[in-house]
Amino acid sequence: MNATGSRRRTRSRNVEPVDEMLPVRPLLTLGLQHVLVIYAGVVAVPLILSGALGLSTAEMITLINANLVIGGVATLIQTLGFWRFGARLPLIQGASFIALAPMLLIGQEYGLRYVFGAALGAGLIVIGLAPIFSRLLRFFPRVVIGCLITIVGISLMPAAAGWLGGGVDSEDFGAPRHLLLGLLTVAVTVVVYVKFKGLVSSLSVLIGLLVGSVAAMIAGVTDFSAVGDAAWFGISAPMAFGTPQFSLVPILVMTLAMIVIMAETTGNTLAIGRMIDTEITPRRLGNAFRAEGLSTMASSLFNGFPLNAFSQNTGLIAMTKVKSRFVVAAAGAIMIALGLFPKLGAVIATVPPAVLGGGAIVMFGMTTAAGIQELAQVRYDDTPNALIVAISLSVGVLPMAMPELLSQLEGPLSLILESGIFLCAIVAVLLNALLNGQDRRGLASSTESTAPTTPTTEESP
């Protein structure tokens, strides 16, 4: 018995943090914390699309539940993996905001069934492109990764500000009661994180959200009417809106959106890889792309939309220091439960936007801080790295600081330029290749890339 216990402890010590299996209670609690952080983002895409296309309330509920379920399934594929699908990293998946504009364009011009057909075709193309895109890791040295992580955090702040004010569409946006609720959430989160250790400290965001929600209930801000109206169980049939329809132009438009999603997934995967001390090889990145392509294909058949890795959970990982992919897998299982049991989803939805905004300020700021820490490891003396950082971050902030700047651009070009993360990635990669590529001192100082330039056979995508 003692020998067996000794062997188990030895194996436990040899397990990488990303592969650590936590006990059930903290596993589910930490997973719920991830779901609370990303829930609003997951349901926002079907809400916006339904309103724009004039769908009925019943159709809207179908889309919301379907996207919760398929997001949970996609998260399980990404975290647990099978064969060459899934990065086996703590990446949480959800309906992509990047694909929202193309879906609106396709839906208004062709109809919803063509949206599903375009997603199906684009997902298949992504699986084919995965080996090619995964070989681009050598263009992501530390100076580029640091810029990407930083801009990921900054790009999330407008969403945090919108929540903090009570929701952008609310009549009393920015009212003092919303700001005070957000401030209370921030304060509780900080106190719990600093004053406590272990699991309690890891759950500081969840505790802050709970305290903020209770305060909102006392103040009469929380609305529980949706909980009573929601059904206990509900599941939509595959292709509830009809068989997906295919046309070349919608597929091409959606493929362009998926390419942007792949660029953002690269940034998020590299960011999480740094945070959990796990090397991101071309093979692993290719597996992440394949999982997103496969999930998007399946999503289109089950009334869902294209998916991507949510940046929100990057900040949560940076803050909690919990690196296990099984925690995010638990979050995926909870998302499936929320989609199958709408009443549970309605309970989560009662968390006021201002309270979410308070938690988001802390988490998204932690992502930015992780990027700054990464950039602090870059050598700047006698190199062009400072120039690369300055221009890349500035260009990445432009679409957020002044959206009207690019309002005159239309079509596929506007889709690309709307993403600050994509802009930052393109500029940082190009500048690094041009400036450090000709200056061997600069190339060395920006540190080696996260993966070998020429993958070995077992690491090849």
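Residues numbered from 1 in each chain as written. Predicted model: local features only at pLDDT ≥ 70, side-chain atom pairs only at ≥ 80, totals over all residues. Heavy atoms only, no water.

K.L.:
What's the story with the side chain of histidine 178 in this structure? I'm lost.
P.N.:
Counting through the fold element by element, histidine 178 comes out in helix H7 (residues 176-195). In this structure, histidine 178 is in contact with Leu164, Gly165, Gly166, Asp172, Val221 and Ala354, ignoring residues within four places of it in sequence. (Helix = DSSP H or I, 4+ residues; strand = E, 2+ residues; numbered from the N terminus. Contact = heavy atoms within 4.5 Å.)

K.L.:
Looking at this structure, I do not really get helix H6 (residues 142-164). What am I missing?
P.N.:
One turn of an α-helix holds 3.6 residues; hence residues three or four places apart share an orientation. Here H6 contains 23 residues, and its C-alpha end-to-end distance of 33 Å stays within 8% of the 33 Å for a straight helix at 1.5 Å per residue. Of all the bends in H6, the greatest, near 30 degrees, is centred on methionine 157, and the proline proline 158 appears no more than four residues after it. Along H6, 17 of the 23 residues are buried, which leaves the element largely enclosed by surrounding structure. Following H6 by one or two positions, glycine 166 has its phi on the positive side, about 100 degrees. (Expected span 1.5 Å × (residues − 1). Bend = angle between axes of the 7 residues up to and from the residue. Buried < 20%, exposed > 50% of the residue type's maximum accessible area, 1.4 Å probe, protein only.)

K.L.:
Is there a simple way to explain the packing of helix H13 (residues 312-320) against helix H16 (residues 353-376) in this structure?
P.N.:
To characterise two packed helices, one gives the angle between the axes of the helices and the distance between these axes. Between H13 and H16, the shortest axis-to-axis distance is 7 Å and the interhelical angle comes to 80 degrees. Accordingly, the angle class assigned to the pair H13 and H16 is roughly perpendicular. Residues Gln312, Thr314, Gly315, Leu316, Ala318 and Met319 of H13 form the contact with H16, whose participating residues are Val362, Met363, Phe364, Met366 and Thr367. For the contact of H13 with H16, the class distribution of residues is 7 nonpolar, 4 polar and no charged. (Axes fitted to C-alpha atoms, helices over the stretch in contact; angles between N-to-C directions. Parallel < 35°, antiparallel > 145°, perpendicular 65-115°, else oblique. Nonpolar A, V, L, I, M, F, W, Y, C, P; charged D, E, K, R; others polar.)

K.L.:
Help me out: how do you make sense of H16 in this one?
P.N.:
Under the 1.5 Å per step criterion, the end-to-end length of H16 is 34 Å for 24 residues, consistent within 8% with the ideal 34 Å. If you look at H16, its biggest bend is around 30 degrees, right at alanine 360.

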